[in-house]
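Chain and residue survey
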Amino acid sequence: MKTRQTNISLIILIIIGLLTSCQKDFLDKDPTTAISAGAFWKTDSDVQLALTGVYKRLQNGFLGHRKLWLDTYSDNALDRHSFYGFGNLTQGIVNSSNVPSAFYAIPYQGIAGCNFFLDNVDKAPITEASKTTYKAEVRFLRAMFYFELAQAFGGVIVYKTAPQTVEDSKIKKSTKEEVLKFVHDELDFAVASLPDVPYNGHAVKGSAQALQAKVYLAEQNWQKALEFCNAVIAGGKYQIYQGGYPNLFLTATQQNNPEIIFSTKYLSPNNPQGDEGVLVEIGWYGSIAPYQNLVDEYEMNNGKMITEAGSGYNSADPYTNRDPRLKFTIKVPTEKYINPDGSIFNESDPLLTTYSQKKYIDLSKLPFDRTKTPLTDQNIIHLRYADVLLMFAEAKNEISGPDATIYNALDAIRTRKSVEMPPVDQIIYNSKDKLRDFILHERRIELALEGQRYYDLKRRNLMEPKLAPLKNPGGVPLKFGEKNNVLPFPQSELDKNKQLQQNPQY
């Protein structure tokens, strides 16, 4: 940003299409399309409007509905149309010219919005208590943006305030450790300052605690991860949703859902996912195509893997008597979607793996079609209670090995209504190593096609061994091409900022 005047212009960009209501539920209101910035930062309503502008940044890239595409940069699914270039990335072709901008530019756009808010909110004549809460929300969001960057690139440039000139923005990157220290500091402030209430569309204390746990888990700081998981659990404000696993991901049942701890919010008709949301991009185009490898990971409904003796698996009837989450998550070849007129719905493109994603697909809005499908506004979940229980189980197992609290956490997820899988077999999974493998298996199944798998594999250094056994539908072997488990910085960023040094080996 060249001048302070440019900053004033930025606020117009931030708040274009944003909310004008000063009600507490303003994130649930449909946005308007214009606003005058001349008298901004004069009222609490102005501050809330700017705050909503920051939240709206979550709707872009891998923090919005295209977060789900991250599963196609893993062993879970194929990027059917290589929308983000994951077709090349999963063949090991990774360089500074093919890094999707969603990994780098989108988080920094969010950070710019956060910094602009934090640099200006003190101008507003509102109570200190309100300012503290608003700042805590924005610092939570800034932590989320920086965590996304650190997971992708390692060390990155940290801007704690908005640069005043273009030259001010051309600085060296911080180390990954320094970035994550900043993330923890931001989240510590958020935990201390956010209201301790159930999630309501705004970041709350539980949101910050759960994200802290996730960051510490990524660092393999098991004790701190466990501490923050325990805080969420002991807080008693979240629980496993018992209203049907598929309904977690549908608009009608996401409001005040006791399992959701933080999400990116949308609202039709003026603030939907876009002209081609998940119903078109995934439901009609079949853009996310699960691999057979993922399908085979689902247990039989007796709790045995399909390769185990006594499982009852029948290769001639492979989808019967499986973990119900299989058919809740993936459309299998034997399933037909039926349109309201009784005809069979067909995707616009052939399903190259024979499977398509079903999670987040609202079948009540069939038939899916780019020109006919209603605007999509399912919220995209980032943090939910099942994830907290899985993080708790992983951290506790690494610290002290199997115990009843770990099995109970896993069983709470597996035995939810509509899933009702058997409890974990404590005789088989009776050691730290065996239980670790099972917890990672359960993470894969429970969180499948939610955009979690890529970073789960990276933090465990498992991308290479998990991709290596697979081939894409063209018969090309998959390969992990990232050096030192990080992406290269886009060449365009290196060209703009000579102080930014490329990650090693690129």
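Residues numbered from 1 in each chain as written. Predicted model: local features only at pLDDT ≥ 70, side-chain atom pairs only at ≥ 80, totals over all residues. Heavy atoms only, no water.

Details of the pattern of salt bridges
Any two side chains of opposite charge can pair if their charged atoms end up close together. Quick reminder of the rule: Only one rule defines a salt bridge in this text: a Lys or Arg side-chain nitrogen within 4 Å of an Asp or Glu carboxyl oxygen. Think of it this way: any DSSP run of H or I at least four residues long counts as a helix, any run of E at least two long counts as a strand, and we number them from the N terminus. The buried label goes to any residue with under 20% of its type's maximum accessible area, the exposed label to any with over 50%, and the partly exposed label to all in between, with areas taken from a 1.4 Å probe on protein chains only.
Taken as a whole and judged by the stated rule, the model has 38 salt bridges. Linking D387 and R443 is a salt bridge whose minimum nitrogen-to-oxygen distance equals 2.8 Å. Here D387 is found in helix 12 (residues 385-400), whereas its partner R443 is found in helix 14 (residues 432-446), with 56 residues between them in sequence. Residue classification places R443 among the buried positions, given a relative accessible area of 1%. Here D456 ties to R459 by a salt bridge, and the two come within 3.1 Å at their closest N and O atoms.

So, the packing of helix 2 (residues 44-56) against helix 4 (residues 101-120)
We apply this condition: Only the stretch in contact is used when fitting a helix axis, every axis being a line fitted to C-alpha atoms; angles between N-to-C directions are given from 0 to 180 degrees. Angle categories are assigned with fixed cut-offs, so that under 35 degrees is roughly parallel, over 145 is roughly antiparallel, 65 to 115 is roughly perpendicular, and the rest are oblique. Note on convention: near helix rotated counterclockwise from far helix by under a right angle means a left-handed crossing. Clockwise means right-handed. The contact definition used throughout considers only heavy atoms, calling two residues in contact when any of these lie within 4.5 Å. Lys, Arg, Asp and Glu make up the charged group, whereas Ala, Val, Leu, Ile, Met, Phe, Trp, Tyr, Cys and Pro make up the nonpolar group; the residues left over, Gly among them, are polar.
Between helix 2 and helix 4, the least distance of the axes is 9 Å, while the angle of their chain directions is 160 degrees. In this view, helix 2 runs roughly antiparallel relative to helix 4, as classed from their interaxial angle. The crossing of helix 2 and helix 4 is left-handed. Judged by residue contacts, V47, A50, L51 and V54 of helix 2 engage G113, C114 and F117 from helix 4. Looking at the contact of helix 2 with helix 4, its residues break down into six nonpolar, one polar and no charged.

Here's the deal with the nonpolar core
Which entries qualify depends on this criterion: Nonpolar cores are built from buried Ala, Val, Leu, Ile, Met, Phe, Trp, Tyr and Cys residues. Side-chain atoms within 4.5 Å join them into one set.
In this structure, Y73, F103, F117, F140, Y146, F153 and F262 are the most contacted members of the largest nonpolar core, which totals 151 residues. Sorting elements by how many residues they give to this core places helix 5 (residues 128-153) first, with 14 residues. Apart from the residues lying within four places of it in its own chain, the contact partners of Y73 are F86, L89, T90, V94, F103, Y454, M463, F480, E482 and L487.

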